[in-house]
Amino acid sequence: MARKVIVAGNWKMNKTASEGVALVEALKPLVADVCECCAEVVVCPTFTTLSAVVEACKGSNVKVGAQNVHWAESGAFTGEISAAMLKEAGVEYVIIGHSERRQYFGETDATVNSRLKAAVAAGLKPIVCIGETLEEREGNKTEAVLGKQLEDGLKDLDSATVGAMVLAYEPVWAIGTGKTATPEMAQETHAFIRSKVAELFGKEAAENVRIQYGGSMKPENAEELVRQADIDGGLIGGAALKADSFAALVKNAIKGAGC
Ligand code: PEP
């Protein structure tokens, strides 16, 4: 079964609302010919930039995601945001469990799981990030780490939900460092992730779930990465902050998918 490519730009803590709108205004014409039948293009701005970017993306093929979501409906959770707030702002996707959240803000597989359940219940489409550190890779622990992140992070979800979601495999050592996993290395890990999803949620979920690669993906390596059988797109940091590089990356990813 052909899975639709998904390329999402994670803007992290970059771009004010006006800068974000300028970026998508520049991006829209560059990706206007990307057929939604073969690829989805998503941008994930900061919370204060979401509404303006949602408005600017209306009528285009650029979709909008948030960078986090809280598990509670409302309440005393200073600095957090609820799924209903994101839905009302017109957001479609949400990144959950990014390694920077895990590293700097104490995110765990348990909190990933709670956030994920809230997102799914509200009808948001989750992009769940998993990945190993350099130390874990060098210690031959990659599969054990990813397996646990999947077991605990996706706990209690049903197969259909898992099949419809997006996973982002982001080796922590490749994020923002300029070091990319080789296509072969990334493919090997993506194949492991898909086999683990099959073990936990069945063959159909494993065939349907889209697995993005993330970690210093750029226009120059996107085609080769997405050419790999189990790589269905990318979660992009640095290269998503400029319209021309993000658009070029999207086009090359589509080429890699043979679409
Ligand atoms: C990311 O933050 O998810 C990421 C992959 O960043 P970069 O592309 O800059 O490595």
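Relevant structure appears above.
Residues numbered from 1 in each chain as written. Predicted model: local features only at pLDDT ≥ 70, side-chain atom pairs only at ≥ 80, totals over all residues. Heavy atoms only, no water.

K.L.:
Explain the pairing of strand β4 (residues 93-96) here, please?
P.N.:
On a regular strand, one side chain projects to one face of the sheet and the next to the other, so that they alternate. A two-sided burial pattern is seen for β4, the buried positions comprising Tyr93 and Ile95 on one face and Val94 and Ile96 on the other. Pairing between strand β3 (residues 62-66) and β4: two bridges, direction parallel. By the bridge assignment, Ala66 is partnered in β4 with Val94. Handedness of the β-α-β unit built from β3, helix α3 (residues 83-88) and β4 comes out right-handed. (Buried < 20%, exposed > 50% of the residue type's maximum accessible area, 1.4 Å probe, protein only. Helix = DSSP H or I, 4+ residues; strand = E, 2+ residues; numbered from the N terminus. Pairing = 2+ DSSP bridges. Right-handed = clockwise from strand over helix to strand, strands pointing away.)

K.L.:
Sorry, what's going on with the pattern of salt bridges here?
P.N.:
Side chains bearing opposite charge may pair, as long as their charged atoms lie close to each other. A complete count under the given rule lists 24 salt bridges for this structure. In this structure, the salt-bridge partner of Lys58 is Glu55, at a minimum N-O distance of 2.9 Å. In this structure, Glu207 engages Lys203 in a salt bridge whose closest nitrogen and oxygen atoms are separated by 3.3 Å. One end of the pair, Glu207, and the other, Lys203, are both in helix α10 (residues 203-208), four residues apart, so they sit about a helical turn from each other. Here Lys203 falls in the exposed class, since its relative accessible area comes to 63%. Among the charged side chains, a salt-bridge network with shared partners connects Glu36, Glu40, Lys63, Glu92, Lys125 and Arg210. (Salt bridge = Lys/Arg side-chain N within 4 Å of Asp/Glu carboxyl O.)

K.L.:
I would appreciate a short explanation of the site of the ligand in the present structure.
P.N.:
In the vicinity of the ligand there are 14 residues, among which Lys12, Glu170, Gly176, Ser216 and Gly237 approach most closely. Between the ligand and the protein, one listed contact pairs an oxygen atom with a backbone N or O atom of Gly238 at 2.9 Å. Contact with the protein chains covers 95% of the free accessible surface of the ligand, which is 290 Å². Its residues assigned to classes, the shell around the ligand comprises four nonpolar, eight polar and two charged. (Near = heavy atom within 4 Å. Polar contact = N/O pair within 3.5 Å; in protein donor to acceptor, adjacent residues only side chain to side chain. Areas by Shrake-Rupley, 256 points an atom, 1.4 Å probe, with all protein chains shown as cover. Nonpolar A, V, L, I, M, F, W, Y, C, P; charged D, E, K, R; others polar.)

K.L.:
Sorry, what's going on with the state of the cysteines here?
P.N.:
Covalent bonding between the sulfur atoms of two cysteines is what defines a disulfide. Taken as a whole, this structure holds two disulfides when the rule is applied. Two residues, Cys35 and Cys37, share a disulfide whose sulfurs are 2.1 Å apart. Because the torsion about its S-S bond is 135 degrees, the bridge between Cys35 and Cys37 counts as right-handed. Given a relative accessible area of 35%, Cys35 falls into the partly exposed group. A relative accessible area of 59% means that Cys37 is categorised as exposed. Here Cys38 is linked by a disulfide to Cys259, with a sulfur-sulfur distance of 2.5 Å. Taking the torsion about the S-S bond as the criterion, the Cys38 to Cys259 disulfide, at about -130 degrees, is left-handed. With a gap of 221 residues between them, Cys38 in the loop between α1 (17-31) and β2 (39-44) and Cys259 in the segment after α12 (243-257) connect regions that are remote in the sequence. Once the bonded cysteines of the protein are numbered in order along the sequence, the disulfide links fall as 1-2, 3-4. Free cysteine: Cys44, not disulfide-bonded; nearest cysteine sulfur from Cys129 at 9.3 Å. Using a relative accessible area of 0% as the deciding quantity, one classes Cys44 as buried. For the unlinked cysteine Cys57, the closest cysteine sulfur is that of Cys44, found at 11 Å. (Disulfide = S-S within 2.5 Å.)

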